[in-house]
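Listed below are the residues making up each chain.
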Amino acid sequence: MSTKPNSFQTPIGTSDLLPLGSARWQATLQLFDEVSTRSGFGYLSTPIFEDIGVFSRVGEGTDVVRKEMYEFLDKSDRRLALRPEGTAAVCRAFVQHHPVTPWKVYYHGPFFRYEAPQAGRYRQFHQLGIETLGSDDPDADVEVMALAWEMFQKMGLKQVELSLNSMGDGDTRLQYAEALTEYLNQHRDAIDEEDREKISDHPMRVLDSKRRATRKVTDEAPKISDFLSASAIAHFDRVQDGLTALDIPYKVEPRLVRGLDYYTHTTFEFQSKALSAAQNTICGGGRYNGLVEELGGPVTPGIGFGMGIERLLLACDAEEVFPAPKSSLDVWVIDVAGGSHARDITYELRSHGINADRSFDSRSMRSQMRSANRSGAPIALIIGEDEVAAGNVALRSMLDNGVEQILIPRDQIAVEVLRSLGSRS
RNA sequence: GUGAUCGUAGCUCAGUUGGUUAGAGCGCCUGUCUGUGGCACAGGAGGUCGGGGGUUCAAUUCCCCUCGGUCACCCCA
């Protein structure tokens, strides 16, 4: 928050994830791991930086690679970039390793974009993602969207909406862009000044402008659905059939074009209605049938999504669906007879797979009990001079009104603790 | 990259129309409690009022710069 003369803080747009908050993060990753694995996706980890060409080849017209990339030269003058998105690197890996198809992978990790930060938008952010390469089957599209949907369901999010569109195949995008450009130019004067300059560069980007004047013009603009080929329409229909069959609600949104240029056929976005911020898209994705070829590989269709973890958790906050994580500790060891007993017992418990911690610095009994209470551990083991002399340990329940306390033999600690833990669950 | 707004203890915030030792709640530490937590009570630690510079007899309060957060544009996760 501040910069005192001799101190440092995280760079702008980045942050530390502290232990108290990291529990939900890990829980989210774990859920994603389970859900992906169950659907046959395998974990893929690619470098955080790549040859800059991996990204620039793929999105030369997009802001993401044109002005938001962290790029640098290494000591051998290689041009590298911190990855701004996930799909291009997955395709690069596909081209490099020639896996059998369909190749179904999932990934998660940090991504980097040089933008002005605000809530839900950071310079280092984190995404979960999956990709299926090598299949053109509409069911592959459905599977990808269904997996995102499953995440939201399992996390308890209710206010998430799926928007869907088709960008068609082959030349559809170009033909549509041409028709749209012509239409927009005809109505140039009616379009908001800010949006006018986009017409020649990114005609499709004008579609998702929120400005009222522009909106009026785009309401009447030609729709991409009128340009779709018969096979593209068939594909789109089957995708919708699949979503319906799986009871996944969606709405077709003809304006949905998304920021990355490589999409063909299906494009989709999940938005949280609970987030009032401008950054309310928590997951976005689509089909990219030309990407692998673009990176030097064989003609290979692909479909996938990226989901922003920070935004996902922001949505959880907004819907208040994240229960406070329970303590992961089983036992707190209290030693008022020097401390060496706590040391020995703690390691003994840990070797039996019991989560155990203790107080340091020979604090008072009272202080150690407070630590035990704060830790949330259900059991406290207490060793004082009496126990040492008698060769036993006091096992005390720390739950609610628990005042039960029994003496157990020093050499039976692990067994007794496991028995006590077992009788609670 | 553009515009706006905010920045006081670990956290949430009060306060000073410039003027003696800057406050509260929560949290933390210690004690009341015969070695035994959660409750209550008492005490305590912790702030160069984001940082730097300027104006002034005097600045946390005014001015400039800077760093960071937030919001909108933009962009998208």
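Everything numeric here is computed off the predicted structure, so don't read it as measured data.

Criteria and thresholds
- Counting starts from 1 at the beginning of each chain's written sequence and moves along it residue by residue.
- Numbering of ligands from 1 and lettering of chains from A proceed in the order in which they are written.
- Per-residue local features of the predicted model are confined to residues with pLDDT of at least 70, and side-chain atom pairs are confined, for both listing and counting, to 80 or more; whole-chain, interface and lining totals are unaffected and use all residues.
- As a rule here, side-chain values cover all heavy atoms of the structure and leave hydrogens and water aside.
- If DSSP finds at least two bridges between two strands, the strands pair.
- Every helix listed is a DSSP run of H or I at least four residues long, and every strand listed is a run of E at least two residues long, numbered separately from the N terminus.
- The angle between two axes is taken between their N-to-C directions and runs from 0 to 180 degrees, where each axis is a line fitted to C-alpha atoms and a helix contributes only its stretch in contact.
- In what follows, a contact means two residues having at least one pair of non-hydrogen atoms within 4.5 Å.
- Both cavities and pockets are sets of points on a 1 Å grid over the protein atoms alone; in a cavity a 1.4 Å probe fits but cannot get out, in a pocket the set is open with protein on both sides within 12 Å along at least five of seven lines, and lining residues sit with an atom within 4 Å of a point.
- Grid points are joined across faces, edges and corners, and a volume is the space filled by probe spheres set on the points.
- Amino acids outside the nonpolar list (Ala, Val, Leu, Ile, Met, Phe, Trp, Tyr, Cys, Pro) and the charged list (Asp, Glu, Lys, Arg) are all regarded as polar, and Gly is one of them.
- Bear in mind that the domain bounds are from an automatic or database domain assignment.
- Accessibility here uses a 1.4 Å probe with only protein chains present; expressed as a share of the type maximum, an area under 20% marks a residue as buried, one over 50% as exposed, and anything in between as partly exposed.
- We treat Lys and Arg as the positive residues and Asp and Glu as the negative residues; His and chain ends play no part in the count.
- In the sections that follow, a salt bridge refers to a side-chain nitrogen of Lys or Arg positioned within 4 Å of a carboxyl oxygen of Asp or Glu.
- Only rings of Phe, Tyr and Trp enter the pairing, Trp through its six-membered ring, and a pair is recorded when the two centres are within 6.5 Å. The plane angle decides the type: under 30 degrees is stacked, over 60 is edge-to-face, the rest tilted.

Chemist: Looking at this structure, I do not really get the sheet that holds strand β16 (residues 405-409). What am I missing?
Modeler: Through backbone hydrogen bonds, the strands of a sheet pair up, either in parallel or in antiparallel fashion. With mixed pairing, five strands are arranged side by side in an open sheet as β13-β12-β14-β15-β16. One side of each edge strand has no neighbouring strand; the edge strands of this open sheet are β13 (356-358) and β16. Averaged over all neighbouring strand pairs, the angle between strand axes comes to 30°, with direction disregarded. Direction of pairing for strand β15 (residues 392-397) relative to β16: antiparallel, over a ladder of five bridges. Bridge pairing in β16 links Ala394 to Leu407. Each of β12 (331-335), β14 (379-383) and β15 touches helix α14 (residues 365-375); the most contacted strand, β12, lies at about 175° to it.

Chemist: So what exactly am I meant to see when it comes to the layout of surface pockets here?
Modeler: Summary: where empty space remains is shown by rolling a probe the size of a single water molecule over the atoms. Here the second largest pocket defines a volume of roughly 640 Å³. Forming the boundary of the second largest pocket are 27 residues, of which Arg173, Leu174, Asp261, Tyr262 and Tyr263 lie nearest the centre. Taken together, the elements giving at least two residues each to the lining of the second largest pocket come down to α6 (172-186) and α11 (291-294). Of all the elements, α6 adds the most residues to the lining of the second largest pocket, at four residues. Of the residues that constitute the lining of the second largest pocket, the class distribution is ten nonpolar, seven polar and ten charged.

Chemist: Sorry if this is basic, but what is going on with the domain arrangement of chain A here?
Modeler: When the parts of a complex come together, some accessible area is lost, and that lost area is often used as the size of the interface. Each domain of chain A was delimited in the assignment, giving domain 1 (19-169 + 229-319) and domain 2 (331-424). Measuring from the centre of the C-alpha atoms in domain 1 to the corresponding centre in domain 2 gives 48 Å.

Chemist: How should the side chain of Glu68 be read in this particular structure?
Modeler: Here Glu68 shows up in the loop between α3 (63-66) and β3 (71-73). For the buried Glu68, which has no salt bridge, the nearest side chain bearing the opposite charge is Arg113, at an N-O separation of 4.2 Å. What Glu68 contacts, discounting residues up to four positions off in sequence, is Asp63, Phe112, Arg113, Tyr114 and Glu115.

Chemist: For this particular structure, what's the right way to read the packing of aromatic side chains?
Modeler: For any two aromatic rings, the description comes down to two numbers: the centre-to-centre distance and the angle of the planes. Within this structure, the stated rule accounts for eleven aromatic pairs. With centroids separated by 5.4 Å and ring planes inclined at 55°, the aromatic side chains of Tyr43 and Tyr106 adopt a geometry described as tilted. Taken together, the residues Tyr43 in strand β1 (residues 42-43) and Tyr106 in strand β5 (residues 103-112) connect sequence positions 63 residues apart. You can call Tyr43 partly exposed: its relative accessible area is 44%. On the numbers, 5.8 Å between centres and 50° between planes, the contact of Phe94 with Trp103 is tilted. Across the pair, Trp103 and Phe94 agree in class, each one buried. Taken together, Trp149, Phe152, Phe268 and Phe270 form an aromatic cluster joined through their ring pairs.

Chemist: Is there a simple way to explain unusual backbone geometry in this structure?
Modeler: When glycine is set aside, most residues are seen to have a negative phi, and most peptide bonds are trans. The amide bond that connects Thr101 to the next residue, Pro102, takes the cis arrangement and shows omega of -5°. You can see Pro102 is positioned in the loop between α4 (87-97) and β5. At Asp77, a residue that is not glycine, the phi angle is positive and equals roughly 60°. Turning to its location among the elements, Asp77 is positioned in the loop between β3 and β4 (79-82). For Glu320, which is not glycine, the phi dihedral falls at a positive 50°. Tracing the backbone shows Glu320 in the loop between α12 (309-319) and β12.

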